[in-house]
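Per-entry structural report
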Amino acid sequence: VRDISLTNRSLPQVSPPIAGGPFQPTLAEAVQHWVDGRLRATGASGQAIVIIRDIELTSRPIPTAEGMSSWFKRQQGSRYLGRIAVEIDAHGSPGFAIASAEAHRAVSLPENPTEDEEQEAYDQLLEGLMADLNRNLERSIDRHMQDFLVNAPALPQAAPAPSMMPSAP
């Protein structure tokens, strides 16, 4: 395709967002970074639209044990839940193709987490979500968008510097 664009069509989040947020980068920014790093427009015509269908990031409490034993240990008190659903619609001279994928992740946090613990949990959630989304999108693209894929040629290996060349016997 000649052009690749990103649009966010996710509905506003109905669940309360994570209390420690907003974290950076946002899930939508992470998808944009994925698009910029993984997709290239190399065609003379056509367009691909990467559509964020759903993004959700919430925090849910985890029931903790009560009683004297709970006084002496820090329990897991909440869980960050993340979900991303993405679709790629491409149309051009090969025709039309759609690839879609989603990813879900959860990360737990201790009771009364510090800001650093919240950020670390978010980073872990984001990294896992994007790794899963990448793997799932690659699989879907390979399965449904073969006519739109162009494999980059291998770069020729540079000749060694003259000082690295073996001397003639």
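Before any of the text, the structure's been laid out above.
Residues numbered from 1 in each chain as written. Predicted model: local features only at pLDDT ≥ 70, side-chain atom pairs only at ≥ 80, totals over all residues. Heavy atoms only, no water.

A look at the overall build of the chain
The helix and strand tally for the chain stands at 2 helices and 4 strands. Along the chain, helices (α) and strands (β) appear in the sequence β-α-β-β-β-α when read from the amino end. A separation threshold of at least 6 residues defines the contact pool for the chain, and within that pool the share at least 24 residues apart is 78%. Carbon and sulfur atoms make up 53% of the accessible area of the chain, which totals about 11,100 Å². (Helix = DSSP H or I, 4+ residues; strand = E, 2+ residues; numbered from the N terminus. Contact = heavy atoms within 4.5 Å. Areas by Shrake-Rupley, 256 points an atom, 1.4 Å probe, with all protein chains shown as cover.)

Details of the sheet that holds strand 3 (residues 76-92)
Taken together, the 4 strands give an open sheet; going across it, the order is 1-2-3-4, and neighbouring strands pair in mixed fashion. Lying at the two open borders of the sheet, with one neighbouring strand each, are strand 1 (3-8) and strand 4 (95-110). Neighbouring strand axes in the sheet, compared pairwise and without regard to direction, differ in orientation by 15° on average. The pairing of strand 3 with strand 4 spans 16 bridges and is classified as antiparallel. Its bridge partner lying in strand 4, Q76 is registered against P110. Contacts from helix 1 (residues 27-38) reach strand 1, strand 2 (47-61) and strand 3, with the element oriented near 145° to strand 2. Of the strands in this sheet, strand 2, strand 3 and strand 4 touch helix 2 (residues 115-144), which is tilted by about 155° from strand 4. (Pairing = 2+ DSSP bridges. Axes fitted to C-alpha atoms, helices over the stretch in contact; angles between N-to-C directions.)

Things to note about the pattern of salt bridges
Under the counting rule described, the total for this entry stands at 7 salt bridges. Connected through salt bridges with shared partners, the residues D54, R83 and E102 form a single ionic network. (Salt bridge = Lys/Arg side-chain N within 4 Å of Asp/Glu carboxyl O.)

Some words on a negative patch on the surface
On the surface, E115, D116, E120, D123 and E127 cluster together into a patch of negative charge. Within the fold, E127 resides in helix 2. By relative accessible area, which is 60% here, E127 ends up exposed. (Patch = residues over 30% accessible without salt bridge, like charges linked within 9 Å, V, L, I, M, F, W, Y side chains within 5 Å. Lys, Arg positive; Asp, Glu negative; His and termini not counted. Charge placed at Lys NZ, Arg CZ, Asp CG, Glu CD. Buried < 20%, exposed > 50% of the residue type's maximum accessible area, 1.4 Å probe, protein only.)

Brief notes about the environment of A30
Looking at where A30 falls in the secondary structure, it is placed in helix 1. Owing to a relative accessible area of 9%, A30 belongs among the buried residues under this scheme. For A30 and L129, which are 99 residues apart along the polypeptide, the C-alpha to C-alpha distance reads 9.7 Å. Residue contacts for A30: discarding those within four places in its chain leaves L126 and M130.

Here's the deal with helix 1
Helix length check: helix 1 (12 residues) gives 16 Å between terminal C-alpha atoms against 16 Å at 1.5 Å per residue, within 8%. In this structure, the buried side of helix 1 is in contact with strand 1, strand 2, strand 3 and helix 2. (Expected span 1.5 Å × (residues − 1).)

Details of the nonpolar core
Judged by nonpolar contacts, the single largest core of 34 residues is most densely connected at L27, V31, I84, M130 and L133. Elements represented by at least two residues in this core include exactly helix 1, strand 2, strand 3, strand 4 and helix 2. No other element matches the 9 residues that helix 2 contributes to this core. Discounting chain neighbours no more than four positions away, the residues touching V31 are L6, I52, I84, V86, M130 and L133. (Core = buried A, V, L, I, M, F, W, Y, C linked by side-chain atoms within 4.5 Å.)

Some points on the environment of R40
Considering the arrangement of structural elements, one finds R40 in the loop between helix 1 and strand 2. C-alpha separation for the pair R40 and V150, spaced 110 residues apart in sequence, amounts to 9.3 Å. A polar side-chain atom of R40 sits 2.6 Å from the main-chain carbonyl oxygen of D36. (Polar contact = N/O pair within 3.5 Å; in protein donor to acceptor, adjacent residues only side chain to side chain.)

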